[in-house]
Amino acid sequence: MTLGEKKEYWRWEENAWVDESKDWRSAKIVTAGIDVGSVSSQAVIVCDGELYGFNNMRTGNNSPDSANNAIKGVMEKCGMSLDNIHFVVGTGYGRVNVPFAHKAITEIACHARGANYMGGSAVRTILDMGGQDCKAIHCDEKGKVTNFLMNDKCAAGTGRGMEVIADLMQIPIADLGPRSFDVDVEPAAVSSVCVVFAKSEALGLLKSGWTKNKVVAAYCQAMAERVVSLLERIGVEKEFFITGGIAKNPGVVKRIERLLKIEVVKTKYDSQIAGALGAALFANTLVAKQGAAAPIKAAA
Amino acid sequence: MIANYGYKDGSGEYYISIDTDKCIQCPVDRACTKACPKSMFEIMTDDYDDVVAAIKQTNRKTLAYDCTGCKPTGGYATLPCTAACTPGAIKHSW
């Protein structure tokens, strides 16, 4: 790293995956879900109701471009074009700006549907820890939302808050969780009301001699306490599942488990794709019900 | 589905909850839309293609102020929206 070059500690790893054991050409229904979030965008391809491939990347400053880039990435990996996709559902904060989507569905419904697929039909409570908000969702055995609550207006307790702390501590974001356990005594939480207050409090703690790990532990605890208060308002029913980027941070997940005295359902899938997966599953149901839709050519 | 509209801040929690399962087959012809003096309710199609009542986007962050006029201090013994909604789909958190 040269002088003036700034390392981006907040930058999380973008990823893509395709199920090499299957061939989309043999599927009767091929659908896509696009989740344009405030921080990340995902495109998921579902073949006959089964996950086939996905692309997970950062959202840029333009929602239509982010949606186009996300779908391009997964289509290239799968060797398909938009003509091969029977229905596209857009979701997330930028869902109305997906130029090639046939329908937009809220991320609350899509996360519940995705969590039902990823965590099984026993999942009843879902915590979506997204880039700029958190949602506590209750669903039934089919993944239909029965109740939900969103967090307040601040980025504290969200993925963006974690990115701010990664940059401040100069610790790669993927290492924050493991390092938060490397403390002698679990510290009290920092401010959980506001990410700006949390940042200045963290700086003060560093100056007073706290180690970086201890400050990170205090921030993870704050984030856990904040989302637990949201969950307690709605009530936690077993099984409990977490979606969104923060689900990959064991420092927060373990602390939520400790506070709730409940274990989170584990999954082999990437927790960040839950919304897009749910959208693709909604699209699959719509095609089964009403048939395929013509591709929207304004697309990528 | 229970749809909660509103927010929480330093002064308290302000939520209107609409139980959409009770709202779907409204026997009182969506009386809430006419009962609300601020016209905050609208009819929309939700994610599951059910036609239900919802709070207009413009009112979701200002419920604490918009609903104040209908609280007991405003001269109402009961809230017009909850009184009009005989299936009991609408509830207030405060």
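Since we're looking at a predicted model, the values are computed, not measured. (Residues numbered from 1 in each chain as written. Chains lettered and ligands numbered in written order. Predicted model: local features only at pLDDT ≥ 70, side-chain atom pairs only at ≥ 80, totals over all residues.)

Participant: For this particular structure, what's the right way to read the overall build of chain A?
Facilitator: When helices and strands are counted, chain A shows 8 helices and 10 strands. In summary, chain A has a C-alpha radius of gyration of 19 Å against a globular reference of 19 Å for 300 residues, a match within 12%. Across its three principal directions, the C-alpha atoms of chain A cover 65 × 50 × 35 Å. The burial tally for chain A puts 51% of its 300 residues in the buried class. If you take every contact in chain A between residues at least 6 apart in sequence, the share linking residues at least 24 apart comes to 73%. (Helix = DSSP H or I, 4+ residues; strand = E, 2+ residues; numbered from the N terminus. Rg over C-alpha atoms; globule rule 2.2 N^0.38 Å. Buried ≥ 20, exposed ≤ 12 C-beta atoms within 10 Å, placed from the backbone. Contact = placed C-beta atoms within 7 Å.)

Participant: How should the overall build of chain B be read in this particular structure?
Facilitator: A count of helices and strands for chain B gives 4 helices and 5 strands. Its helices and strands taken in sequence order, chain B reads β-β-α-α-β-β-α-α-β from the N to the C terminus. Computed over the C-alpha atoms, the radius of gyration of chain B is 13 Å, within 12% of the 12 Å expected from 2.2 N^0.38 for a compact globule of 94 residues. Judged by the C-alpha coordinates and their principal axes, chain B covers about 35 × 25 × 20 Å. Burial status across chain B gives 29% buried among its 94 residues. When contacts within chain B are restricted to residue pairs at least 6 apart in sequence, long-range pairs at least 24 apart make up 55% of them.

Participant: Any chance you could explain the interface of chain B and chain A here in plain terms?
Facilitator: Chain B puts 7 residues into the contact, and the matching count from chain A is 10 residues. When the residues that make up the side of chain B that touches chain A are grouped by side-chain class, the tally is 4 nonpolar, 1 polar and 2 charged. (Nonpolar A, V, L, I, M, F, W, Y, C, P; charged D, E, K, R; others polar.)

Participant: Help me out: how do you make sense of the nonpolar core in this one?
Facilitator: When a protein is soluble and globular, its nonpolar side chains tend to lie buried together. All names here are of chain A. If you look at the biggest cluster of nonpolar residues, it comprises 107 residues, and the most contacted ones within it are Ala-32, Ile-34, Val-44, Ile-45, Ile-165, Tyr-219 and Ala-280. Looking at which element gives the most residues to this core, the answer is helix α6 (residues 212-234), with 11 residues. Taken domain by domain, the makeup of this core includes at least three residues from each of domain 1 (15-114 + 273-290) and domain 2 (121-264). The contacts of Val-44, once residues within four sequence positions are left out, are Ala-32, Gly-33, Leu-51, Phe-54, Ile-273, Ala-276, Leu-277 and Ala-280. (Core = buried A, V, L, I, M, F, W, Y, C linked by C-beta atoms within 7 Å. Domains from an automatic or database assignment.)

Participant: Got a minute to help me understand the domain arrangement of chain A in this structure?
Facilitator: A common measure of how large an interface is: the accessible area buried when the components associate. Residues and elements named next belong to chain A. The domains assigned to chain A are domain 1 (15-114 + 273-290) and domain 2 (121-264). Inter-centroid distance (C-alpha atoms) of domain 1 to domain 2 is 27 Å. On the side of domain 2, 16 residues touch domain 1, which itself brings 11 residues to the contact. Considered class by class, the residues forming the side of domain 1 that touches domain 2 number 5 nonpolar, 5 polar and 1 charged.

Participant: Would you mind going over α6(A) with me for this structure?
Facilitator: An α-helical turn contains 3.6 residues, so a residue and the one three or four places further along point in the same direction. Helix length check: α6(A) (23 residues) gives 34 Å between terminal C-alpha atoms against 33 Å at 1.5 Å per residue, within 8%. Backbone geometry just after α6(A) places Gly235(A) at a positive phi near 90°. (Expected span 1.5 Å × (residues − 1).)

Participant: When you look at the sheet that holds strand β6 (residues 103-104) of chain A in this model, what are you seeing that I'm missing?
Facilitator: Strand-to-strand pairing in sheets goes through backbone hydrogen bonds, with the strands running parallel or antiparallel. All names here are of chain A. Read from one edge to the other, the open sheet built from 6 strands follows the order β1-β4-β3-β2-β5-β6, with strand pairing classed as mixed. This sheet does not close on itself; its edge strands, each paired only once, are β1 (15-18) and β6. Sitting on the sheet, helix α8 (residues 274-290) is in contact with β2 (30-36), β3 (40-47), β4 (50-58) and β5 (87-91), with an inclination near 145° to β2. (Pairing = 2+ DSSP bridges. Axes fitted to C-alpha atoms, helices over the stretch in contact; angles between N-to-C directions.)

Participant: Before we go on, may I ask you to explain helix α3 (residues 159-169) of chain A in this structure?
Facilitator: All names here are of chain A. The buried fraction of α3 amounts to 9 of the 11 residues, a majority that puts the element mostly inside the structure. All of the buried residues in α3 are Gly-159, Gly-161, Met-162, Glu-163, Val-164, Ile-165, Ala-166, Leu-168 and Met-169. Along its buried surface, α3 packs onto β7 (125-129), α4 (173-180), α5 (195-207) and α6.

Participant: I tried to follow the pairing of β2(A) on my own but got confused; where do I start?
Facilitator: Put simply, side chains in a regular strand alternate between the two faces of the sheet. All names here are of chain A. Of all 7 residues in β2, 7 are buried, a share of seventy percent or more. The alternating pattern of β2 places Val-30, Ala-32, Ile-34 and Val-36 and Thr-31, Gly-33 and Asp-35 on opposite faces, both of which are buried. With 7 bridges joining them, β2 and β3 adopt antiparallel strand pairing. Bridging across to β3, Val-36 finds its partner in Ser-41. Taking the residues between adjacent antiparallel strands as the criterion, β2 and β3 are bridged by 3 residues. Of the pairings in the sheet, the one linking β2 to β5 comprises 5 bridges and is parallel in character. Within the sheet, the bridge partner assigned to Gly-33 lies in β5 and is Val-89.

Participant: Teacher, can you tell me more about the packing of α3(A) against α5(A) here?
Facilitator: All names here are of chain A. Put simply, α3 and α5 touch, their axes get as near as 10 Å, and they point 20° apart. What the angle tells us is that α3 and α5 run roughly parallel. Relative to α5, the crossing made by α3 is right-handed. Contact residues: Gly-161, Val-164, Ile-165 and Leu-168 in α3; Val-195, Ala-198, Lys-199 and Ala-202 in α5. (Parallel < 35°, antiparallel > 145°, perpendicular 65-115°, else oblique. Left-handed = near helix turned anticlockwise from the far one by under 90°.)

Participant: Any chance you could explain the pairing of strand β8 (residues 134-139) of chain A here in plain terms?
Facilitator: Residues and elements named next belong to chain A. With 6 of its 6 residues buried, β8 lies for the most part within the structure. Burial along β8 is two-sided: the residues Cys-134, Ala-136 and His-138 and Lys-135, Ile-137 and Cys-139 are all buried. By the bridge criterion, 5 bridges tie β7 to β8 in an arrangement that is antiparallel. Within the sheet, the bridge partner assigned to Ile-126 lies in β8 and is Ile-137. Hairpin connection, β7 to β8: the antiparallel pair is bridged by 4 residues. Note: β8 against strand β9 (residues 145-150), 5 bridges, orientation antiparallel. Within β9, the residue paired with Cys-139 across the bridge is Val-145.

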